[in-house]
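Read off the chains here:
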Amino acid sequence: MAKGSVRGGLLLGLAVVVALAATGVWNPFPGIWEWVDRSEPISEPDVVWQQRVGGTPRSVTIAGDAVVVEQRTRVEARSLATGAQLWERKADWAAVAGGDRDPVVAVGKLLVKGYELLDPTTGVTRRRDDDAVAVWTYRNLLLDARCTDATDCTLSAWDPRGTAPLWTAFLPGVHSGLLADNPGLRGTRRLTATRIDDGVAGAEAAPPLLGFPVDGRVHVVDTATGRVLQNVEPSRDERLSVVGGRLLRVAARSQDGTCYFAISARDSATGQEAWQRAGVNLRTADSAGCVQREDPQGARNVLIGVAPDGREAVIDGYDGRLLWVGDSGTKLIAVDDRLAVFRAADKRSVIARELGTEKVLWTRQASGKAGAALTPYAAVVADEKPSRLVALDPRTGKELAALRTSANALAVGSQGMIIGEGREIGYVRFGASGNSPTRPPSDGGNPRPGSTGPGGQDDGDCGPKGELCPDPGGGKDG
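In this report, the structure presented in the accompanying data block is examined. (Residues numbered from 1 in each chain as written. Predicted model: local features only at pLDDT ≥ 70, side-chain atom pairs only at ≥ 80, totals over all residues. Heavy atoms only, no water.)

Summing up its helical and strand segments, the chain has two helices and 36 strands in all. For the chain, with 478 residues in total, the buried portion stands at 49%. Put simply, 45% of the contacts in the chain that link residues at least 6 apart link residues at least 24 apart. For the chain, the accessible area works out to roughly 22500 Å², and carbon and sulfur atoms hold 50% of it. (Helix = DSSP H or I, 4+ residues; strand = E, 2+ residues; numbered from the N terminus. Buried < 20%, exposed > 50% of the residue type's maximum accessible area, 1.4 Å probe, protein only. Contact = heavy atoms within 4.5 Å. Areas by Shrake-Rupley, 256 points an atom, 1.4 Å probe, with all protein chains shown as cover.)

Spelled out as structure tokens, the structure:
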């Protein structure tokens, strides 16, 4: 009898709650569900905000005051300040162009021509194209390609928020793989790290030259003018790559059970040899007969090579200078035009050194499995046992954020970074302890390709020879 009374009381109470919820007087169910569905914090200390997105992110990019999350069949944007969803669109691919003050989001569908450029904060369409088959996004430029037939294609360059092309160029067709966003060109392969997304740094400035693979040849295009400077077919043992304003011809010859390499860098305008090196392995070939199937490793206008004695080196793609040579046992884990980050031979620390000098910028204790990435605003170091993500000022090594987390670093911006695990993403603000990046780069609106912004001021992005900045005399290096 007592059990029946209890059961009856519970049923009566439930009926009352349902009636109150139905009439709008009081509804506890959203709060209960929020409590049940609440996620555990993905880091310690806690993030500024944490949200569960609709699907596992394919890419995450900070675009001004918004965070753009690309998923398998849709793209959404969230507020950088609060994490609240701003808009959502059905799309198979998405990519962000522009700098901190003028970003746009290109979206499209696979196997369907055309794309839309959206405002990252509102989702409003700023420009629509119905014919392009491929799009490349940069910090200061957007390129697209459209074809009237298989051997008649036009490459166009746009300011990210522009409404008319800056220039157009003819290409005799495009490679069958040139589809959707940022299909591969002949450049360099980035070093990768576990738990750091390959696109963590966001869009970069357009390099002075790009190499488009078309029917076994490489067409070298000047990004400032649209001129096709060279149209080169590699020989059977060569790999062509465009790095630092030079066309590299990398030859690999099999002899005595090993591969012998030779690099010849050519002037883009004259085709004359600018520099050459022999015996440096750029990791372009596999072990099967020295066949070169990969672009060389590197970043921006520097290359990573391995000397015959096994030591790694960073080479200036423009003039062939050795900018850094590792000691025996050291391992390069991140590089850009400014500095190299490497694991020490004792596997107990990571070290940052300024390229072209002997100056050590900072040293940090880390395990032999630590990985890193360099972005304009922070150097990110990921470590294991225990799992850590640390953001450091690239020049000084000061901590901008230090997290105990197994999450991945997905995107880095001027004031913080996005981390994520599964469908959970969160925002970490830099400088919680008073530190902040010492010199965040200014995109200055839309600098033209090969420049650093209005006035041509060098913000560290001009390259070792200054070849990526405007010539004060109005000329341009070929």
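Now that the structure is up, let's keep going.
Another point: the packing of aromatic side chains. By the definition in use, this model includes three aromatic pairs. Ring centres of Trp324 and Phe342 lie 5.2 Å apart, and the angle between their planes is 35°; on these two criteria the pair is classed as tilted. Taken together, the residues Trp324 in strand β25 (residues 322-325) and Phe342 in strand β27 (residues 339-343) connect sequence positions 18 residues apart. Like Phe342, Trp324 is buried. Above the plane of the ring of Trp158 lies Arg127, whose end atom (NZ or CZ) is 3.7 Å from the centre. The side chain of Arg246 reaches across the aromatic face of Tyr318, ending 4.2 Å from its centre. (Phe/Tyr/Trp six-rings, centres within 6.5 Å; stacked < 30°, edge-to-face > 60°. Lys NZ or Arg CZ within 6 Å of the ring centre and 35° of its normal.)

Before going further, it helps to spend a moment on the state of the cysteines. Tallied over the entire structure, the rule returns two disulfides. Disulfide pairing is shown between Cys147 and Cys153; the S-S distance is 2.0 Å. Sign of the S-S torsion, about 105° for the bond between Cys147 and Cys153, identifies this disulfide as right-handed. Considered together, Cys147 and Cys153 belong to a single accessibility category, that of buried residues. (Disulfide = S-S within 2.5 Å.)

Time to look at a nonpolar patch on the surface. A contiguous nonpolar surface patch, about 360 Å² in accessible area, is contributed by Leu110, Leu111 and Leu179. Mapped onto the fold, Leu110 is located in the loop between β7 (104-108) and β8 (115-118). On the basis of relative accessible area, Leu110 is assigned to the partly exposed category, the value being 49%. (Patch = residues over 30% accessible without salt bridge, like charges linked within 9 Å, V, L, I, M, F, W, Y side chains within 5 Å. Salt bridge = Lys/Arg side-chain N within 4 Å of Asp/Glu carboxyl O.)

As a further point, take the sheet that holds strand β15 (residues 209-214). Read across the sheet, three strands follow the order β15-β16-β17 without closing on themselves; strand pairing throughout is antiparallel. For this open sheet the edge positions go to β15 and β17 (228-232), each flanked by a neighbour on one side alone. Taken over all neighbouring pairs, the strand axes of this sheet differ in orientation by 20° on average, direction set aside. Where β15 meets strand β16 (residues 217-222), six bridges bridge the pair, whose relative direction is antiparallel. Among the inter-strand pairings, Leu209 is bridged to a residue of β16, identified as Asp222. (Pairing = 2+ DSSP bridges. Axes fitted to C-alpha atoms, helices over the stretch in contact; angles between N-to-C directions.)

Moving on: the environment of Leu323. Within the fold, Leu323 resides in strand β25. Each C-alpha atom of the pair Leu323 and Val302 lies 8.8 Å from the other, and the pair is 21 residues apart in sequence.

Moving on to the pairing of strand β10 (residues 134-137). Neither face of β10 is open: one carries Ala134 and Trp136, the other Val135 and Thr137, and all of them are buried. Sheet analysis places β10 next to strand β11 (residues 142-149), joined by four bridges and oriented antiparallel. Residue pairing for β11: Ala134 is matched across the bridge by Ala145. Counted along the chain from β10 to the antiparallel partner β11, the turn is four residues long. Pairing analysis gives two bridges linking β10 to strand β14 (residues 180-181), with the strands arranged parallel.

Further remarks concern the nonpolar core. Counting 22 residues, the largest nonpolar core has Ile196, Ala391, Val412, Met417, Ile419, Val428 and Phe430 as the members making the most contacts within it. Listing elements by their share of this core, those giving two or more residues are β31 (379-383), β32 (388-392), β33 (399-404), β34 (408-412) and β35 (416-421). Ranked by residues supplied to this core, first place goes to β33 with three residues. Among residues more than four places away in sequence, those in contact with Ala391 are Ala378, Ala379, Lys398, Glu399, Leu400, Ala401, Met417 and Phe430. (Core = buried A, V, L, I, M, F, W, Y, C linked by side-chain atoms within 4.5 Å.)

On to the pattern of salt bridges. Evaluation of the coordinates by the stated rule reveals 27 salt bridges. Note that Asp337 is salt-bridged to Arg300, the shortest N-O span being 3.7 Å. Note that Asp337 is positioned in the loop between β26 (331-335) and β27 and Arg300 in the loop between β22 (298-299) and β23 (302-306), a separation of 37 residues in sequence. Residue Arg300 is classed as partly exposed on the basis of its relative accessible area of 28%. For Arg321, the salt bridge is made with Asp319, and the minimal N-O distance between the two is 3.0 Å. For Asp319, a relative accessible area of 22% puts it in the partly exposed group. Bridged by salt links that share partners, the residues Arg89, Glu116 and Arg128 form one connected network.

The next thing to look at is the side chain of Arg146. Along the chain, the position of Arg146 falls in strand β11. Residue Arg146 is classed as buried on the basis of its relative accessible area of 19%. At 3.0 Å, the side chain of Arg146 forms a polar contact with the side chain of Asp144. Aside from chain neighbours lying at most four places away, what touches Arg146 is Asp129, Asp131, Ala132, Asp152, Cys153, Thr154 and Ser156. (Polar contact = N/O pair within 3.5 Å; in protein donor to acceptor, adjacent residues only side chain to side chain.)

Purely geometric numbers; function is a separate question.
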